[in-house]
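So you can see what is in the structure, the chains are spelled out below.
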Amino acid sequence: MIDAGSLKERVALDKRERVNDGAGNYRSDFVEQFQRRAAFVYAGGSEAVVAERLQGRAILKVRLRKDVLSKTISTDWQLRDVRRGMVYAIREVDAVTDPLCVFLTVISGVAS
């Protein structure tokens, strides 16, 4: 069961889209699709997590409520922590395991 009190963070989900720069050129940039409340779960001490931390990157698991929009998230999107301004690359999306939640595995410090 997921309650509103456990979703303490505010995140924005961005999708890469072709954007007109106003001079007749197009470039690829991330565009915000929607914002949601979320819960951050810091990953444990597995070998992969420790290796990433030694390189200055953090791995998090993020839990969102499942809805029509959150089911469209894929690994070519990025997640932004609205409050702190951190940007995370989405490594894994699990919309199947829990009927009420979408779980994301995200990593900071990765080129987008």
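It should be noted that the structure appears before, not after, this text.
The structure displayed is predicted, hence computed values, not measured ones. (Residues numbered from 1 in each chain as written. Predicted model: local features only at pLDDT ≥ 70, side-chain atom pairs only at ≥ 80, totals over all residues. Heavy atoms only, no water.)

Examining the overall build of the protein
A tally of regular secondary structure across the protein gives one helix and six strands. Residues classed as buried in the protein amount to 30% of the 112 residues present. In the protein, 55% of the contacts between residues at least 6 apart in sequence involve partners at least 24 apart. (Helix = DSSP H or I, 4+ residues; strand = E, 2+ residues; numbered from the N terminus. Buried < 20%, exposed > 50% of the residue type's maximum accessible area, 1.4 Å probe, protein only. Contact = heavy atoms within 4.5 Å.)

Describing the packing of aromatic side chains
Centre distance and the angle of the planes are the two values used to describe a pair of aromatic rings. Across all of its chains, the model carries two aromatic pairs by this definition. Between phenylalanine 40 and tyrosine 88, the aromatic rings sit 6.5 Å apart at their centres with planes inclined by 70°, giving edge-to-face as the arrangement. Of this pair, phenylalanine 40 sits in strand E2 (residues 26-42) while tyrosine 88 sits in strand E5 (residues 87-94); the two residues are 48 residues apart in sequence, bridging distant segments of the chain. The burial state of phenylalanine 40 is the same as that of tyrosine 88; both residues are buried. Sitting over the face of the ring of tyrosine 26, arginine 18 holds its NZ or CZ atom 4.2 Å from the ring centroid. (Phe/Tyr/Trp six-rings, centres within 6.5 Å; stacked < 30°, edge-to-face > 60°. Lys NZ or Arg CZ within 6 Å of the ring centre and 35° of its normal.)

Focus on the pairing of strand E3 (residues 59-65)
Pairing of E2 with E3 involves five bridges; the strand directions are antiparallel. Opposite phenylalanine 40, over in E3, you have valine 62 as the bridge partner. Inspection of the sheet shows E3 paired to strand E6 (residues 101-108) by seven bridges, in the antiparallel sense. Bridging across to E6, valine 62 finds its partner in leucine 104. (Pairing = 2+ DSSP bridges.)

A word on the environment of leucine 79
Structurally, leucine 79 is set in strand E4 (residues 77-81). Judged by its relative accessible area of 0%, leucine 79 is buried. Placed 68 residues apart in sequence, leucine 79 and valine 11 show a C-alpha to C-alpha distance of 6.6 Å. Once residues within four sequence positions are removed from consideration, leucine 79 is found in contact with Val11, Ala12, Leu13, Val62, Met86, Val87, Tyr88, Ile90, Leu104 and Val106.

Thoughts on the nonpolar core
With 16 residues, the main nonpolar core has Leu13, Leu79 and Leu104 as its most contacted residues. Secondary structure elements with two or more residues in this core: strand E1 (9-20), E2, E3, E4, E5 and E6. Residues within four places of leucine 13 in sequence aside, it is in contact with Val31, Glu32, Gln33, Phe34, Leu64, Ile73, Trp77, Gln78, Leu79, Ile90 and Leu104. (Core = buried A, V, L, I, M, F, W, Y, C linked by side-chain atoms within 4.5 Å.)

Observations regarding the pattern of salt bridges
For the structure on display, the rule yields seven salt bridges. In this structure, arginine 80 engages glutamate 32 in a salt bridge whose closest nitrogen and oxygen atoms are separated by 2.6 Å. Of the two residues, arginine 80 is situated in strand E4 and glutamate 32 in strand E2; the sequence distance between them amounts to 48 residues. Of the charged contacts, one joins arginine 84 and aspartate 81 as a salt bridge, the two residues approaching to 2.5 Å between their closest N and O atoms. A relative accessible area of 43% places arginine 84 in the partly exposed class. Within this structure, Glu9, Asp81, Arg83 and Arg84 form a network of salt bridges that share partners. (Salt bridge = Lys/Arg side-chain N within 4 Å of Asp/Glu carboxyl O.)

Function-wise, these values are silent; they only describe arrangement.
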